[in-house]
Amino acid sequence: MTQRGRNLVLLAPAGAWFLVMLVVPLTVVLIFSFGERGAAGGYVPAFTLDQYANLPARWTAFKNTLILAPVGTLAALLIAYPLAYFLAVRADPKWKTLLLVLVIVPFWTSILIRSYAWIFILGGRGIPALLDWIGIGGVRLINTPFSVLVGIAYGYLPLMVFPIFVNLDRLDKRLLEASSDLGAPPWRTFLQVTLPMSLPGVATGCLLVFILLMGEFLIPALLGGGKVFFVGNALVDLFLQSRNWAFGSAVAATLVAIMLVTVTAYMRLIRRLGAQREDVSLM
Amino acid sequence: MTKNNDTISKRKFMEELYRYKRGSVTRRHFLGVTGLGTATAVLAGAMPALRPRRAFAQGDIGDRVVLATWPNYHDPANFDAFTEATGAHVQVNVFGSNEEMLAKLQAGGSGWDVFVPTNYTITTYVGEDLIEALDSSLMPNYDPAAYDPRFSDAGSVDGTLYAVPKNWGTTGYAVNTNHLDGREMTTWKDFWDITMDAYSGRTMVHDYQLTTIGNALKYFGYSFNSVDPNELAEAEKLLLDAKPHLFAISSDYQPPMLNGDAWLTMCWTGDGKQLNTDMPEIAYVLGKEGGEIWSDYYAVPKGAPHRDAAYALINFLLAPEVNAKEVLAHGYPSADANTNALLPEELLNDPILYPAQELLDALEFGAAATLTDPNRAELLARFKSA
Amino acid sequence: MDDGGYKPGASKSQAKIVAELRGVSKRFGEVLAADDLNLAIGEGEFLSFLGPSGCGKTTALRMLAGFETPTSGEVLLDGKVVNDLEPHRRPVNMVFQHYALFPHLTVERNIGYGLKQQRPKLPAAEIERKVREALEIVRLEGFENRRVWEMSGGQQQRVALARAIVNEPKLLLLDEPMAALDRKLRKEMQIELQNIQRRLGITFVLVTHDQEEALSMSDRICIMRDGRIVQTGTPRELYDRPRNRYVAGFVGTSNFFDGKATNVNGTRAEVTLPNGMRLAGQAVSEIVPGRDASLSVRPEQIRLERAASAKDGNLEVTVLNRIFLGEHTEYLVENQSLGEFMVLTPRQAELSDGPFNAGDVLYASWDADSALVLDRD
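Calculation criteria
- Residues numbered from 1 in each chain as written.
- Chains lettered and ligands numbered in written order.
- Predicted model: local features only at pLDDT ≥ 70, side-chain atom pairs only at ≥ 80, totals over all residues.
- Heavy atoms only, no water.
- UniProt positions renumbered as here; feature names shortened; annotations may be inferred.
- Helix = DSSP H or I, 4+ residues; strand = E, 2+ residues; numbered from the N terminus.
- Salt bridge = Lys/Arg side-chain N within 4 Å of Asp/Glu carboxyl O.
- Buried < 20%, exposed > 50% of the residue type's maximum accessible area, 1.4 Å probe, protein only.
- Contact = heavy atoms within 4.5 Å.
- Buried area = accessible area lost by both parts, 1.4 Å probe.
- Polar contact = N/O pair within 3.5 Å; in protein donor to acceptor, adjacent residues only side chain to side chain.
- Pairing = 2+ DSSP bridges.
- Nonpolar A, V, L, I, M, F, W, Y, C, P; charged D, E, K, R; others polar.
- Axes fitted to C-alpha atoms, helices over the stretch in contact; angles between N-to-C directions.

Draft legend 1. Just the UniProt feature "transmembrane region" (unreviewed entry) in chain A, in detail. Residues and elements named next belong to chain A. Mapped onto the present numbering, the UniProt feature "transmembrane region" (unreviewed entry) falls at residues 7–34, 66–87, 99–121, 141–166, 202–225 and 245–267. When the span residues 99–121 is considered, its composition is 74% helix and 0% strand, and the gap between its end C-alpha atoms is 23 Å. A distance of 30 Å separates the end C-alpha atoms of residues 202–225, which is 79% helix and 0% strand.

In structure tokens, the structure reads:
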């Protein structure tokens, strides 16, 4: 067999995977997006740009998503970073593995059940009841943007914690000693060494969470009371309720396009910021 | 190991599942909202190991029958009895909305033997050629004469029987009377007015265009099924005005009603009964202007893999003594006089299950056109994203 | 034990003491890493801690830097007790073993890091000037904008050095700075370090396990073992007057003949071997009669001759092996009573009598004054 033949054989499984998992579904979505809705729902083959022309009908959903995704990513980052920092830098190495497992264990249960726990905690008989008891009455937490952010920060915690943890964990502790030796107090050491050195992990975590948040619908529906409408919710409704597969596909294709553009821009930016560094291991 | 091990563990599991769901998951749409219904169904179909198995068959109908139905809508003990009698296990897939069921059947390869469509969808299924004409000789327990025709008519299209009645019910609202301060709630106008006033921030509406738009239309006295653009425009304005005052747009209304976060919600019969049982201060109200009445049916999809078992299951569940147990378990009324004859007097007199005739008279069945109307779907999307 | 007091050499008389360890001990759990260390370091001095790994030398250094707090005793800088002073407040800088350069910063910003931490802030122009000077000192002009990970080991080492000296510390600590360099580079770097130290006059404290490195660079060496200082002195003092066999073995090479100390009489003593043979030598430190002792004879102080000379102490030996080293030849010889030992013969001496071949029977002798009677421990 020629070298070229061998290469093709070796690449075949990866190529097949790529084709089945990525190219085929995307192609189907793309084809559907140029079709029409059947009288009783579903898809009727056609070639029309009507679905794309109708996109402004979901403008609010896109707008909400483009706000939710970065804000939610930031919220997840703000919660995850201190946790990852504690686990990687401060925690006793003896307990590190156990603590890490404790962070993951809740995520073995379904997001649905975990969201119900938050519905209870943030609901009238949870924290507001406690606040009422100490004299702060009338606080509403559930079904607010706040509760959605809490749910997102919590739901995406491991995705954000892990890349940052790995980064901080393998950070050479001698660099921190060197910084201290050169006269930097601990907080400046954090800002000048720890934080910049952990940026690749932060970038990876943010990217993962951002991409998933672009399609998120469950947490806003459960913890936001369904009052805020995201592209994910629009897709669920279009495919499962009004069964407008053609329009749903156009919305999905647009979402994928927006994601590609944002993620590419983001990676360009990160690469430029990290161009000087050895440890830019984003992808 | 006895031959029943499988059965017992399965029954136990179902009981646990039902216990968990009771009070936290309502009859419909919740699974639709989460998309979990489809996921469960796909998963169960894709993984043969998850299917129940039996060491040997007791009948000749096969070892399995697949039922697509709603959450909290059966007595699990009846399924066990069916398995005991026939050797076929009942594999249950639960769904959140009629639309989801339709989408699944349209996509093909559902693997269902029996499903439970609501009245207004049946003509669509017939039109799309997704549903079998039923042979009533295979269902000796089906006694058409014993049924109130109101709740069985939709099962026949152009004189052909496609579906037999399961249960019926109404869509009204549940209100926590503790906060009413003597006010009386009798109409949909009351519902929307108090939402934008004393109950601001405490009201829930369904995440479902049929009922949410339909009940907004009732505010103006229009038909629950209206697709008239002007009438819909008025309903939309009402919905948009009310939105800032809503606690949530969700069909999962039992938990917030029970913990006091929500005081008022659109509600189906069975949930109304359950809420009232748990908290007597929660009343179930049917708007005087009208609203929805509905009836669910058993039907067999085209290409059902276990057709004999499908008939056997429907026939079994229609037996009055079995059906009575079902009603006692889920709290939705039956239209079958033979079944009702076996039910306790107090249940038959329960105004939640069996509302006064003048209230019932004002109600409308949902229409197929309403379900598939694209304008109503877009209206709901605008309402939710506002 | 050594009192560790700084005895100013001729060139550095009246030097001020910049750092001091007073009875300093450090315990890590069960392990006593440093045991009652006493040492004074004079201004401008180049002092080395020498010892095998685990002897406590790095712990001593880290206590000076502030990374470890003594369990007992006092660390002084400029006469002030600094036990609890954090590293970033100490006028001390360190060159780390693997340099610990910041990979996310350029060479310039690595070197300027310490200057940027100063409060009140230094003007940017001044930082730039000082960084440029430091780069000149370590001969890395033009490397300002390089990434540290693009540089060779030797260059990284210079950056690490520049990053430390640019702050003009009171004390520059070097933790095995040349361990990662190859032999040739290490030699060059040693010379360069010495030059820089002389030029800047900064006090250097070096930790090393390499005796050659310590001997060639240091003004004074502090020999450590099992957390304790065994002896502190100039290289010559340690070579000529080792406190015990351990020091003699660590500084240069020597032949040791083990026995018991006998006939101690002032600066003279004898070692009686197990076979009863008695060897005389100088007692340069306190020798207790009856204790385990060794007679130490440096290989270069032993003469080899074909014929026994008239003097006493001629030992008949057989040549076992010969290694030609250029200016010297190293012989491994064997005597019936003493066993095997090494002899280093200068080329000159061989002109008349040698070279000797394996199997030759010769006579070995040494001056009693050049042999030292040393305590075994």
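Draft legend 2. Geometry of the pattern of salt bridges. Per the stated rule, a full pass over the model turns up 43 salt bridges over all chains. As a salt-bridge pair, B:Asp241 and B:Lys237 come within 2.9 Å of each other at their nearest N and O atoms. One end of the pair is B:Asp241 and the other is B:Lys237, both in helix H9 (residues 229–242) and 4 residues apart, which spans about a single turn. Relative accessible area serves as the criterion here: at 36%, B:Asp241 is assigned to the partly exposed category. Ionic pairing is found between C:Lys16 and C:Asp78, a salt bridge with its closest N-O pair at 3.6 Å. Pair noted here: C:Lys16 is in the segment before strand S1 (17–28) and C:Asp78 is in the loop between strand S4 (72–77) and strand S5 (80–81), with a separation of 62 residues, a long-range link. The class of C:Lys16 is partly exposed, set by a relative accessible area of 45%. For C:Asp78, a relative accessible area of 29% gives the class partly exposed.

Draft legend 3. The arrangement of the interface of chain A and chain B in detail. Taken residue by residue, the interface counts 37 residues in chain A and 38 residues in chain B. Buried area between chain A and chain B, summed over both chains or domains, comes out near 2,900 Å², and the portion from carbon and sulfur atoms is 54%. At the surface where chain A touches chain B, the tally comes to 2 salt bridges. Counting across the chain A and chain B interface gives 13 residue pairs in polar contact (both at pLDDT 80 or more). Those elements that place two or more of their residues in the side of chain A that touches chain B are helix H3 (59–90), helix H5 (111–122), helix H11 (218–223), helix H12 (231–241) and helix H13 (245–273) of chain A.

Draft legend 4. Here's a closer look at the UniProt feature "domain: ABC transporter" (unreviewed entry) in chain C. Per the UniProt entry, the sites bearing "domain: ABC transporter" (unreviewed entry) are residues 19–251 of chain C in this numbering. Split by type, residues 19–251 of chain C is 36% helix and 27% strand. Its first and last C-alpha atoms lie 25 Å apart.

Draft legend 5. Region of interest: the environment of A:Phe165. Residues and elements named next belong to chain A. By the secondary structure assignment, Phe165 is in helix H8 (residues 157–169). Relative accessible area serves as the criterion here: at 7%, Phe165 is assigned to the buried category. C-alpha separation for the pair Phe165 and Ala80, spaced 85 residues apart in sequence, amounts to 9.2 Å. With near-sequence residues (within four places) excluded, Phe165 lies in contact with Ala84, Leu87, Ala88, Lys96 and Leu100.

Draft legend 6. Summary view of the UniProt feature "domain: ABC transmembrane type-1" (unreviewed entry) in chain A. The sites that UniProt annotates as "domain: ABC transmembrane type-1" (unreviewed entry) are residues 62–268 of chain A. The distance separating the terminal C-alpha atoms of residues 62–268 of chain A is 23 Å; by composition the span is 79% helix and 0% strand.

Draft legend 7. Representation of the pairing of strand S6 (residues 163–176) of chain B in the model. Residue and element names in this part refer to chain B. With respect to burial, S6 is a largely interior element, 14 of its 14 residues being buried. When S6 meets strand S11 (residues 291–299), the two strands line up antiparallel, connected through 7 bridges. Bridge pairing in S11 links Ala163 to Ala299. With 5 bridges connecting them, S6 and strand S9 (residues 264–268) associate as antiparallel partners. The residue of S9 that forms the bridge with Val175 is Leu264. With 4 bridges connecting them, S6 and strand S10 (residues 282–285) associate as antiparallel partners. Directly across from Ala174, in S10, lies its bridge partner Tyr284.

Draft legend 8. Main features of the interface of chain C and chain A. Contact with chain C, which involves 24 residues of that partner, is made by 21 residues of chain A. For the pair chain C and chain A, the two sides together bury roughly 2,100 Å², of which 58% comes from carbon and sulfur. If you look at where chain C meets chain A, you find 1 salt bridge. Residue A:Glu177 is joined to C:Arg62 by a salt bridge in which the shortest nitrogen-to-oxygen separation is 2.6 Å. Only helix H1 (57–65), strand S6 (92–95) and helix H2 (107–116) of chain C provide two or more residues apiece to the side of chain C that touches chain A. Considered class by class, the residues forming the side of chain C that touches chain A number 12 nonpolar, 7 polar and 5 charged.

Draft legend 9. Highlighting the sheet that holds strand S7 (residues 171–175) of chain C. All names here are of chain C. Strands sit in the order S6-S7-S8-S3-S9-S10 across an open sheet of 6 strands; the sheet is mixed. Edge positions in the sheet fall to S6 and strand S10 (228–233), since each of these pairs with one other strand and no more. Pairwise comparison of adjacent strand axes, ignoring direction, gives a mean angle of 20 degrees for this sheet. Helix-sheet contacts for helix H4 (residues 153–165) involve S6 and S7, and the interaxial angle to S6 is about 180 degrees.

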